[in-house]
Every structure is written in structure tokens, then in C-alpha cells.
Amino acid sequence: MLRGAAEEDRTLWLPDEVMLMVLIRVVYTGACAQVCRRWRRLVSEPFVKTQRWSLRWGDYAGGRLEPRRLPGPAGAIRSLALSPCGARIYAGDETGTLTVWRKDDAGTHVRATVLSAHELPIVDVAVAKDGTVFTASDDVTVKVWAGGGPDLTLLRTLTGHTNWVTSIAIAPCGIAIFSGSGDRTIRKWDWRTGEQIGVLAGHRASVLALAEGDDARLFSGSGDNTIRAWNMRSGVHLATLEGHEDIVRTLAVGGASLLASGSEDKTIRIWAQRDFTPLSTIPLTEMPTRLMFGTVGSRLFCIGLDDRLRVWPRPLDASVPPVEIHTGEADVCAMALAPDGTLFTEIPFGDIGVW
């Protein structure tokens, strides 16, 4: 692809942050004049100061990108979430511990709180716009925490599921939340009172993933190989999306238009949110465990059973390959993206990588 100054530069269509990733991984020479000129611009001080990248990179060493490392909790991380402004990181681990990092005056995340939050692993963490924190656990409960102050305070425990709780979604109003479970149901709660205000039933196997869509739509992925769309307000089932040949493990929404689903059939499928039309299928070599769209545009991030972080700048264009980063950790299931584009993932030894 990178051939030199005499030929047309076919990389010009790539976004700058993706091109920086490509260049930093390629062994290039002075003959690649066009590429070198772009490289000099990308790493120049004015560019770094003025551009807001969708992903910021750590130091490059030994043929791989090395993220900045935050010492992790005692157990393997199962879930990550960020406060709305990105100043706080919440990590739930396999021991049921919830760990919180806060930015200090220098802008560095430092560990601030360690709570024994659940009796069994915390498999999902979600944070509302007002800072309220929700944790879902294999212990069949959802817990609600006041997260706006210096410390986390338990407000209430939501009980009603009869099997492990796998996922949490927050309604646009911020008052209601949804929890998916191994009992095949999605339950709707008024978290302020702890009251269960609805049950969404229809899946024939465990509900493993939830995602908040546009226009008060909720999407659920299940062990029955399907995705269901629901109206958050009424609880009405809108559609069943079929196409995967195995368990649907993860969901992500991109703005008001796209829905991505990752399955144990080793594919990612992209759907239109509004009419549920299948748009594209991305084959993988391993099962994806977590999907996420970037804060700007339609870039799609994926981690999975292998040790790769993949970024598709144009997930609807099959001719555009993903950028791949070796994370050094297989079977990663925790990832979170800050508003400024900083990416947080689990990395070896249970730590958090800051990309």
C-alpha cells in the first residue's frame, strides 16, 4: 500500500488518527516521501495540540504499542465504565470488588476507592449522567451506588431476577434502568425506589447483552442467537433480528443509525437501528467479547478471545481492513472509551491499559 512518492498516495482517505497508527507500525524508508511528509505533520507539535483524536496512543516499543498502565484490582477485571466526563474509572472484577480511580490535579488517574460490592463477580457496570453507578453481578442482584461524592455509597439493592444478572442499560430519562439476566428476562426498575416496574420476556435463552438505542429503543442479545428490539417506555417488542448462528455476546450502538452485534459464530453484524435492516457482516478469527463505537463518527472498536484490539474506521466498507493492536492479553472482556477519545482496556496481569 505504501509505495513511494512516484505513485498516488492511496492512504489520503484514512483519518489522521488511523494513519498515525498505520505509520507507527510500518517499517518505512526515506523513499516513501509522501508518507514521510504526512508522518512529520502527524507527529508535529501543532497537530498534536490542535487535533482531538478518537484514540490516543502510548509509546511504541518492540513492534507493538505499549499503553500506559494503571495497576488493577486484585481479581481479573470483568467490566469497565467511566463517569460521563471521563474523570473516574470504575472496574468490576471476578471477586465482586468495585475499584474506582479518580483524576488528580495533574490529570492522572489514581486509585481512590476499593469496595467489596458483591458476593460474586461483577459482570457489568453502568454510570448515569448524574454520576449514579449501577453494578450487575452473578449473585443475582443489581446494586445502586451514589457516585457523585468523594466516596461510593450503597443506595439500594435490586432483587427479583432468579439467575445471574449479565447486563445493564439506562433509559434516556435517567430514572429507569434495565437489567438482563440468565433467567431469560429483562427487568425494568425505578432505581430511586427500587421498585420493579416491568418485565420484558420473549428470549428463549439467557439475555447476555443490552444496548440503549435511538428513539427510546432497547436492544437485547441472547443465547438464543437473536437480537430483540423493544420500546423502552412501553416495553413493547418491536422486532427480532436474526442472522447469527450462535450466541450473541455483545452489542453496541453507533449514534442514531447503527447497531453492531458480536457473536460466538465469530462474526460482527451491522444493522440499521431504525428499520433493523442487516447492513454488513464482518468475519473474525475469534469470538468478540466487547464492541464499542467511537465518540466521533462510526469507528468500531472490538476486543475478543485473542490478544487483539481491532478498530474499523469504516465498518460498513468491507474493503477497508481494521487496524489491529496487540494488547498482550487474550480473552479480554472489559473496554471503555472516554469522551476525549482515551481508550481503557484490560491488559496482562489484571491491570488497565490507557491507550
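The rules behind the values
Residues numbered from 1 in each chain as written. Predicted model: local features only at pLDDT ≥ 70, side-chain atom pairs only at ≥ 80, totals over all residues. Heavy atoms only, no water. Helix = DSSP H or I, 4+ residues; strand = E, 2+ residues; numbered from the N terminus. Contact = heavy atoms within 4.5 Å. Areas by Shrake-Rupley, 256 points an atom, 1.4 Å probe, with all protein chains shown as cover. Pairing = 2+ DSSP bridges. Axes fitted to C-alpha atoms, helices over the stretch in contact; angles between N-to-C directions. Buried < 20%, exposed > 50% of the residue type's maximum accessible area, 1.4 Å probe, protein only. pLDDT = per-residue confidence, 0-100.

Engineer: Got a minute to help me understand the overall build of the protein chain in this structure?
Structural biologist: Tallying secondary structure elements over the protein chain gives 3 helices and 30 strands in all. The contacts of the protein chain with a sequence gap of at least 6 include a subset with a gap of at least 24, amounting to 42%. When the accessible surface of the protein chain is split by element, carbon and sulfur atoms take 50% of a total near 15200 Å².

Engineer: Explain the sheet that holds strand β21 (residues 258–263) here, please?
Structural biologist: The strands that make up a sheet are held in pairs by hydrogen bonds between backbone atoms, and each pair lies either parallel or antiparallel. The strand order across the open sheet built from 4 strands is β20-β21-β22-β23, with neighbouring strands paired in antiparallel fashion. In this open sheet, the two edge strands, each paired with only one partner strand, are β20 (248–254) and β23 (278–283). Direction aside, the axes of adjacent strands within the sheet are offset by 20 degrees on average.

Engineer: Got a minute to help me understand the environment of G223 in this structure?
Structural biologist: In this fold, G223 is placed in the loop between β17 (217–222) and β18 (227–231). A residue is classified by how much of its surface remains accessible, and G223, at 24% relative accessible area, is partly exposed. C-alpha of G223 to C-alpha of G182: the two residues are 41 residues apart in sequence and 9.2 Å apart in space. Ignoring sequence-local partners within four residues, the contact set of G223 consists of A205, S206, L208 and I247.

Engineer: Would you take a moment to explain the confidence of the model for the protein chain for this structure?
Structural biologist: Parts of the model with low pLDDT should not have their predicted coordinates read in detail. This prediction gives the protein chain a mean pLDDT of 82; 78% of its residues lie at or above 70. Scored below 50 in pLDDT, residues 1–7 makes 15 contacts in the model with residues more than four places away or belonging to other chains. With pLDDT under 50 throughout, residues 24–33 is counted as low confidence; its partners more than four residues away or in other chains account for 18 contacts.

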